[in-house]
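Coordinate analysis (summary)
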Amino acid sequence: MGMFASTGLVVKLVLFLLLYFSVVSWGIIFYKLLQVSRANGASERFLEFFWKAKRFDAISGQLDRFTNSPLTVLFQEGYGELKKLQEKVEEKADPNSISTDLGGIDNIARALRRATTSEITRLEKYLTFLATTGATAPFIGLFGTVWGIMTAFEKIGQTGSASLAVVAPGIAEALIATAIGLVAAIPAVMGYNHFQHKIKVLISEMDSFSTEFLNIVQRNFAGR
C-alpha cells in the first residue's frame, strides 16, 4: 500500500483499471464455474432419465428436475414443435404426413438448431470479458511500466543524479504495474480456456442429443 501511495496519478489510474479487470474476471470465473458445473451435472441426470423414460409427455412433465441442463431447452423446443405438427396432422386426418406434406422433420430440426444456438450464447456469456482481459491487461500494465521508467528518467534529469534514491520510486511504479497486469491477465486466460473446453463438451452433447431426438421422431412419428 505504501508503494501504491507513492505512485503517480497516471500509474494509479492504470492500477485501478487493472484492479477492476481482475475483480470482474474473478467474479465471472466463479459464476461460470457454478453455471458450467450445474449444467454438466443436470445434463448427465437428464440423459439418464431420458433414455429410461418411455414417452415424451412423461419426460416433459419432469423437466423441472433438470432446469440447469441445456438439453432440457432442446427437448422443450423439439417436443413443442412436434406437438404442433401432430395437431396439424390430426386436423388433416393424415397421421403419415409429418415428414412429407408438412416438412415436419425439417421444422423440428430448425427448432433444435435455434435452441442450441440460444444455449451456446447463454453459456458463452461473459467469456468475451475474460478474453479481453487476458489480451489487454499485460499491455495496460506495460503502459504503466513505461510511464514509471519515464518518471525515473525525468527525475534523473531534474536532479542530475542516478542514485538509487532517485530512480527507485519510478522503477517501483514500473514493477507494480507489470505485476498487476500479469495478475489480472493470467487467471483470465486460464479461465477462458477452461470454460471454452467445458462448453465445447456441452455443445457436443447438444449436437448428439439433437441427432438422437430427430432419429426417435423419424422412427416413431414420421411417415415413410
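Residues numbered from 1 in each chain as written. Predicted model: local features only at pLDDT ≥ 70, side-chain atom pairs only at ≥ 80, totals over all residues. Heavy atoms only, no water.

Under the annotation held in an unreviewed UniProt entry, the protein carries the name Tol-Pal system protein TolQ and is attributed to Citrifermentans bremense. Reading the Sequence similarities (unreviewed entry) entry of the UniProt record for the protein gives the comment "Belongs to the exbB/tolQ family." (UniProt positions renumbered as here; feature names shortened; annotations may be inferred.)

1. Some words on the overall build of the protein
Along the backbone of the protein there are seven helices and zero strands. Here the protein holds 224 residues, and 40% of them are scored as buried. At a minimum sequence separation of 6, the contacts of the protein that also span at least 24 residues come to 76%. On the protein, roughly 12600 Å² of surface is accessible, and the fraction owed to carbon and sulfur atoms is 61%. (Helix = DSSP H or I, 4+ residues; strand = E, 2+ residues; numbered from the N terminus. Buried < 20%, exposed > 50% of the residue type's maximum accessible area, 1.4 Å probe, protein only. Contact = heavy atoms within 4.5 Å. Areas by Shrake-Rupley, 256 points an atom, 1.4 Å probe, with all protein chains shown as cover.)

2. Let's talk about the UniProt feature "transmembrane region" (unreviewed entry) in the protein
Under the UniProt annotation, "transmembrane region" (unreviewed entry) lies at residues 13-34, 126-150 and 162-190. Secondary structure content for residues 13-34 is 100% helix and 0% strand, and the end C-alpha separation is 32 Å. Secondary structure within residues 126-150 divides into 96% helix and 0% strand; the distance between the first and last C-alpha atoms comes to 36 Å.

3. What about the pattern of salt bridges?
If you walk through the whole model with that rule in mind, you get three salt bridges. Glu48 is the partner of Lys52 in a salt bridge, and the nearest nitrogen-oxygen pair spans 3.2 Å. Of this pair, Lys52 and Glu48 both sit in helix α2 (residues 9-52), four residues apart, which is roughly one turn of that helix. The exposed category is assigned to Lys52, whose relative accessible area is 59%. In this structure, the salt-bridge partner of Asp57 is Arg55, at a minimum N-O distance of 3.1 Å. (Salt bridge = Lys/Arg side-chain N within 4 Å of Asp/Glu carboxyl O.)

4. Some words on the nonpolar core
The biggest cluster of nonpolar side chains holds 37 residues, and the ones touching the most others in it are Phe46, Phe56, Phe75 and Phe213. Listed by contribution, the elements that provide at least two residues to this core are α2, α3 (56-60), α4 (70-92), α5 (104-123), α6 (127-159) and α7 (164-220). Broken down by element, this core gets its largest block of residues, eleven residues, from α7. Beyond its immediate stretch of four places on either side in the chain, Phe75 contacts Phe46, Phe50, Phe56, Ile59, Ser60, Leu63, Gly80, Phe209 and Phe213. Residues Val14, Leu18, Ala137 and Ala185 belong to the second largest nonpolar core, which totals seven residues. (Core = buried A, V, L, I, M, F, W, Y, C linked by side-chain atoms within 4.5 Å.)

5. Quick notes on the side chain of Glu119
Secondary-structure assignment places Glu119 in helix α5. A polar contact of 2.8 Å, which involves the side chain of Glu119, links it to the side chain of Arg122. Not counting residues within four places of it along the chain, the set of residues in contact with Glu119 comprises Pro70, Val73, Leu74 and Met206. (Polar contact = N/O pair within 3.5 Å; in protein donor to acceptor, adjacent residues only side chain to side chain.)

6. Points about the packing of aromatic side chains
Per the stated rule, a full pass over the model turns up 20 aromatic pairs. Members of the aromatic cluster, joined through ring pairs, are Phe46, Phe49, Phe50, Trp51, Phe56, Phe66, Phe75, Tyr79, Phe209 and Phe213. Over the ring of Phe49 we find Arg65; its NZ or CZ atom is 5.0 Å from the centre of that ring. (Phe/Tyr/Trp six-rings, centres within 6.5 Å; stacked < 30°, edge-to-face > 60°. Lys NZ or Arg CZ within 6 Å of the ring centre and 35° of its normal.)

7. Side note on unusual backbone geometry
One non-glycine residue with positive phi stands out, namely Tyr126, at about 80°. The topology assignment puts Tyr126 in the loop between α5 and α6. For Tyr126, a relative accessible area of 40% puts it in the partly exposed group.

8. Thoughts on a positive patch on the surface
A cluster of basic side chains, namely Lys84, Lys88, Arg110, Arg113 and Arg114, defines a positive patch on the protein surface. Those elements that place two or more of their residues in the positive patch are α4 and α5. If you tally residues by element for the positive patch, the top one is α5, at three residues. By the element assignment, Arg113 lies in helix α5. (Patch = residues over 30% accessible without salt bridge, like charges linked within 9 Å, V, L, I, M, F, W, Y side chains within 5 Å. Lys, Arg positive; Asp, Glu negative; His and termini not counted. Charge placed at Lys NZ, Arg CZ, Asp CG, Glu CD.)

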